[in-house]
Amino acid sequence: MSAAAAAGGQPKDAGLQPERTVLSWTRTAFAVAVNALLSLRAGFVAGEPALVAVGALLLAAAAAVVALAAVRRAQLSDVSPSAPPPRGALLSVTAATVVAAIAGVWSVLAVQGAAGAGGVPGAAS
Amino acid sequence: MREPTWRQEGEDPDYRFTLANERTFLAWIRTALALLAGGVLLHQLAPTLGPRVAVVILSVALGVAAAALSVLSYTRWRRNEIAIRTGRPLPFSRLLVVLAIVCAVTAGVLTVFLIVSDAVA
């Protein structure tokens, strides 16, 4: 970067900051979707309709994160963006992750219970 | 949801800093989701790997670590945001050390399981 740009003008990658932030939201949506699919699979394998329901809920959460990415894209498309993330957005993503974690632990214990009852031969502990 | 009081504290910082903080939060959330997916996949797709009790404990531990990490990502984002707004140094965090230990223990245990199950087979 030249001294003039450093002293006065916009930094060179100023326009890419919003893009990286939006991409970060998109990647997070993918990560939520992967865990949603895992929860769905665990629900079908263990025969637990509640896990399937949580998986569907997490899939909706992934869609919501995609929507948040779109909102951020719109908010940050100004020349000089300064908008904070939508209120409660980060807290909601945190809550969705906690729900996914609970479903994950639950799926492990549920399948374990089924194996213990003779559901999966040779897998009983 | 009402505006949190800390959003009025200090002054609005350079947007690049708040965006970087937002991305850091999202990166931690993805790390938590990756740990969780690893635990669930380990349990569902590797039924012959290692003693089943140990695999279950490891999977549950990864799930619990993911839950704790997601909550910590949020509190960490909030603390950083306040520090940036008030011009204070970013708070020190042991999160990186803890995450490294979790990953090292997981990798170590799984490597032992892989070697042992291969020797048996």
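Residues numbered from 1 in each chain as written. Chains lettered and ligands numbered in written order. Predicted model: local features only at pLDDT ≥ 70, side-chain atom pairs only at ≥ 80, totals over all residues. Heavy atoms only, no water.

1. Here we look at the UniProt feature "transmembrane region" (unreviewed entry) in chain B
Residues and elements named next belong to chain B. In the UniProt entry, the feature "transmembrane region" (unreviewed entry) is given for residues 25–46, 52–74 and 95–116. The straight-line gap between the two end C-alpha atoms of residues 25–46 is 31 Å; of that span, 95% is helix and 0% is strand. Taken end to end, residues 52–74 is 100% helix and 0% strand, and its first and last C-alpha atoms sit 34 Å apart. (UniProt positions renumbered as here; feature names shortened; annotations may be inferred. Helix = DSSP H or I, 4+ residues; strand = E, 2+ residues; numbered from the N terminus.)

2. Structural notes on a nonpolar patch on the surface
Residues Val-97, Ile-101 and Val-105 of chain B make up a contiguous nonpolar surface patch of roughly 260 Å² in combined accessible area. Structurally, Val-105 of chain B can be placed in helix H3 (residues 95–120). (Patch = residues over 30% accessible without salt bridge, like charges linked within 9 Å, V, L, I, M, F, W, Y side chains within 5 Å. Areas by Shrake-Rupley, 256 points an atom, 1.4 Å probe, with all protein chains shown as cover. Salt bridge = Lys/Arg side-chain N within 4 Å of Asp/Glu carboxyl O.)

3. Brief notes about the confidence of the model for chain B
Residue and element names in this part refer to chain B. Scored by pLDDT, chain B has a mean of 90; 97% of the residues are at 70 or more. Taken element by element, the predicted model of chain B shows its lowest mean pLDDT in H3 (91) and its highest in helix H2 (residues 52–86) (94). The complex model carries a pTM of 0.85, and its ipTM stands at 0.86. (pLDDT = per-residue confidence, 0-100.)

4. Observations regarding the UniProt feature "transmembrane region" (unreviewed entry) in chain A
Residues and elements named next belong to chain A. On the UniProt side, "transmembrane region" (unreviewed entry) is annotated at positions that read residues 22–38, 50–70 and 90–111 here. Taken end to end, residues 22–38 comprises 100% helix and 0% strand; its first and last C-alpha atoms sit 25 Å apart. Taken end to end, residues 90–111 comprises 100% helix and 0% strand; its first and last C-alpha atoms sit 32 Å apart.

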